[in-house]
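Structure at a glance
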Amino acid sequence: MTSAQIDAYLRRLGIARPQQPTSEALRELHLSHLRTVPFENLSVHLGEAITLEEKRLLEKVTEAGRGGFCYELNGAFGTLLAALGYGVELLAGRVYDGEGRLGIPYDHLALRVRTADGDTWLADVGFGAHSHYPLVYGERGEQDDPGGSFQVMEAGPDPAGVRGGDTPGARDLDVVLDGEPQYRLEIRPRVLGDFAAGAWWHSTSPKSHFTRSLVCSRITEDGGRITLSGRRLKTTAADGTRETRELGTDDEVLTAYRERFGIELSCVPTVRNPDLTD
């Protein structure tokens, strides 16, 4: 990653280059990313290729002014952090569904980040509604965050009876929000190309929720969230108050993408195959 690419990325985030790769700087980078680079799956429905190469991911964030889903967002963010001097490892996760079942292998990508001041964090800017700040990787108790109460805890056996490691400290981890497991992480480091099959499945399979719905979402300055799902614009304040309205015209939708998310589109995206919607 060149110095110019770093500067362009930081301009997108609206922050200055940190002097050192510290934990404090990581927290600022993490929150700024969630506020400015939306979690979105528009490429799936616009017919745009999703290519897990660092150059392509950086171009999408810094030149196209777009966001993405976990592989893209955490892939790009991990590249930036490494260029700033952080120790970064990519971790593979499997996401829990609403009935507590685990998704496919390489279902999710998260980051284990080591800082100059000796801390290790779980950073994740690609899971939609999640923690606003990185979580302490080695902490097994509750961690309070504006996004809720989180735990990073040793996972029990999966449906096949496997814990994912032979000894305590080497086993899979469950990331839990307000008592509900969100995803299970393998602690073995991976490379970006390992996630290509997961990205392909999520962008093509009729069983993937990404092919069945449109989403564009980010954290707001007050700690709330704004989400555009098709033509439905939902704003949630930090205190949980919600306002939802339907956008009637294409111009309104395109204006919302531009003004609320910084995304310039030439046409309104629609779900690629309406027959797959719930």
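All residue numbers refer to positions counted from 1 along the written sequence of the respective chain. Totals for whole chains, interfaces and linings use every residue, but because this is a predicted model, local features are given only for residues with pLDDT of at least 70 and side-chain atom pairs only at 80 or more, for both listing and counting. Note: side-chain values were computed over all heavy atoms of the structure, leaving out hydrogens and water.

The name given to the protein in an unreviewed UniProt entry is Arylamine N-acetyltransferase, with Streptomyces bangladeshensis as the source organism. UniProt positions are given in the numbering used here, feature names are shortened, and annotations may be inferred rather than shown by experiment. Under the UniProt heading Sequence similarities (unreviewed entry), the note attached to the protein is "Belongs to the arylamine N-acetyltransferase family."

**Overview of the nonpolar core**
In terms of nonpolar packing, the biggest core is built from 39 residues, with Leu29 and Phe77 touching the most fellow members. Mapped onto this core, the elements with two or more residues apiece are α1 (3-13), α2 (23-36), α4 (54-62), α5 (70-83), β2 (87-95), β3 (108-114) and β4 (120-123). Note on conventions: DSSP H or I runs of at least 4 residues are helices, E runs of at least 2 residues are strands, and numbering of each starts at the N terminus. Element by element, the count of residues in this core is highest for α5, at seven residues. Contact criterion: two residues are considered in contact whenever any of their non-hydrogen atoms come within 4.5 Å of each other. Among all residues touching Leu29, those that are not within four sequence positions of it are Leu10, Leu13, Ile15, Pro18, Phe77, Leu81, Leu84 and Tyr86. Core analysis: the second largest hydrophobic core is formed by 16 residues, Leu42, Leu233, Val253 and Leu254 among them. In this description, a nonpolar core means a group of buried Ala, Val, Leu, Ile, Met, Phe, Trp, Tyr and Cys residues linked to one another through side-chain atoms lying within 4.5 Å. Three labels apply to residues, based on accessible area from a 1.4 Å probe with only protein chains included: buried if under 20% of the type maximum, exposed if over 50%, partly exposed otherwise in between.

**A short note on the pairing of strand β10 (residues 216-219)**
Because side chains alternate across β10, one face comprises the buried residues Cys216 and Arg218, and the other comprises Ser217 and Ile219, equally buried. Any two strands between which DSSP finds at least two bridges are classified as paired. With two bridges joining them, strand β1 (residues 39-40) and β10 adopt antiparallel strand pairing. If you follow Phe39 over to β10, its bridge partner there is Ser217. Of the strand pairs in this sheet, β10 and strand β11 (residues 225-229) are connected by four bridges, and their pairing is antiparallel. Bridging from a neighbouring strand, Cys216 pairs with Leu228 of β11. Taking the residues that link successive antiparallel strands as the turn, the β10-β11 hairpin has five residues, and the phi of Gly223 there is positive, at about 90°.

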